[in-house]
Amino acid sequence: MTLSPTARQLLVALDPGLRECGVALFDLDSGELLAAGMPTNPERKARGLAAWSGMAGGVAAFVSSFLEPHRAAGGAVSVTVASECPQVYTAGKSKGDPNDLIELAGVVGRVAGGLGATSERSFLPREWKGTLDGDVMAERIKARLGELPHEHLRVQLPRAQDKHHNVWDAVGIGLHVIGRLAPRKVFPR
């Protein structure tokens, strides 16, 4: 697919989930966060293909306000999907059923296909956030958004405090892809 010079390039960053999914939408040309939130799956009890499709529909609805107006005006849109890659840990570090990771992989595939992604990228947790504690990483992500203060206004956090990390992880994955998450080096004068 050859894109016109006026094609809008968007990045959809995912922290995948079967019932809800952290999503962050970035403009790849400017590196700006356009929106972040946690759409939910209308198929709350489904498993397999029905659940994957439901979650993909929830993500598509979330990002459609940015995709559809441009497409309706005849503009081309290039979508890159970047996701945290589901990973099996050793028994001591594992939480839950490892088979659930298959469900997450299915969600990512359906989201990328449903959005018509022209490019896909995936990262193991350690590849995009290193070994930092989750709370420390969330603070780093928030600090990077502080560089463009209006971006904080575009983050829609769920009511449940224990779900906030899903949105911050999606934002962090997006910041990693566009190069805004790397640790800053401070040199003494």
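As shown above, the structure is provided for reference.
Residues numbered from 1 in each chain as written. Predicted model: local features only at pLDDT ≥ 70, side-chain atom pairs only at ≥ 80, totals over all residues. Heavy atoms only, no water.

Undergrad: What's the story with the pattern of salt bridges in this structure? I'm lost.
TA: Between side chains of opposite charge, a pair can form as their charged atoms come close. Under the defined criterion, the tally for this structure stands at eight salt bridges. A salt bridge links R47 to E103; its shortest N-O distance comes to 3.5 Å. Taken together, the positions of R47 in the loop between strand 3 (32-37) and helix 1 (48-72) and E103 in helix 2 (residues 100-114) put the pair 56 residues apart, joining distant regions of the chain. The salt bridge partner of E151 is R180, with a shortest N-O separation of 2.7 Å. Highlighted residues: E151 in the loop between helix 4 (134-145) and helix 5 (164-178) and R180 in the segment after helix 5, separated in sequence by 29 residues. A single burial state applies to E151 and to R180, both of which are buried. One connected set of salt bridges, linked through shared partners, spans E20, R44 and K163. (Salt bridge = Lys/Arg side-chain N within 4 Å of Asp/Glu carboxyl O. Helix = DSSP H or I, 4+ residues; strand = E, 2+ residues; numbered from the N terminus. Buried < 20%, exposed > 50% of the residue type's maximum accessible area, 1.4 Å probe, protein only.)

Undergrad: I'm lost on the environment of C21 in this one. Help?
TA: If you trace the backbone, C21 turns up in the loop between strand 1 (8-15) and strand 2 (22-27). C21 gets classed as buried once you look at its relative accessible area, which sits at 0%. Sequence separation between C21 and V108 is 87 residues, and the spatial gap between their C-alpha atoms is 9.8 Å. In this structure, C21 is in contact with L14, D15, P16, G37, M38, P39, M55 and V59, ignoring residues within four places of it in sequence. (Contact = heavy atoms within 4.5 Å.)

Undergrad: What is the right way to look at the sheet that holds strand 4 (residues 77-84) in this model?
TA: In any sheet, the strands associate via hydrogen bonds between backbone groups, in a parallel or an antiparallel arrangement. Judged by pairing direction, the sheet is mixed, and its five strands sit side by side in the order 3-2-1-4-5 without closing on themselves. The open sheet has two free edges, formed respectively by strand 3 and strand 5 (119-123), since each of these has just one partner strand. Between one strand axis and the next, the sheet turns by 20 degrees as a mean value, whatever way the strands run. Looking at chain direction, strand 1 and strand 2 are connected through six bridges and run antiparallel. Considered in strand 2, the bridge of L10 is made with D27. (Pairing = 2+ DSSP bridges. Axes fitted to C-alpha atoms, helices over the stretch in contact; angles between N-to-C directions.)

Undergrad: Got a minute to help me understand the side chain of E103 in this structure?
TA: On the basis of relative accessibility, which here comes to 10%, the residue E103 falls in the buried class. At 3.5 Å, the side chain of E103 and the side chain of R47 are in polar contact. Once you skip the residues sitting within four places of it in the chain, E103 turns out to touch L18, R47, G48 and W52. (Polar contact = N/O pair within 3.5 Å; in protein donor to acceptor, adjacent residues only side chain to side chain.)

Note that every value here comes from positions in space, so none of it alone points to a role or purpose.
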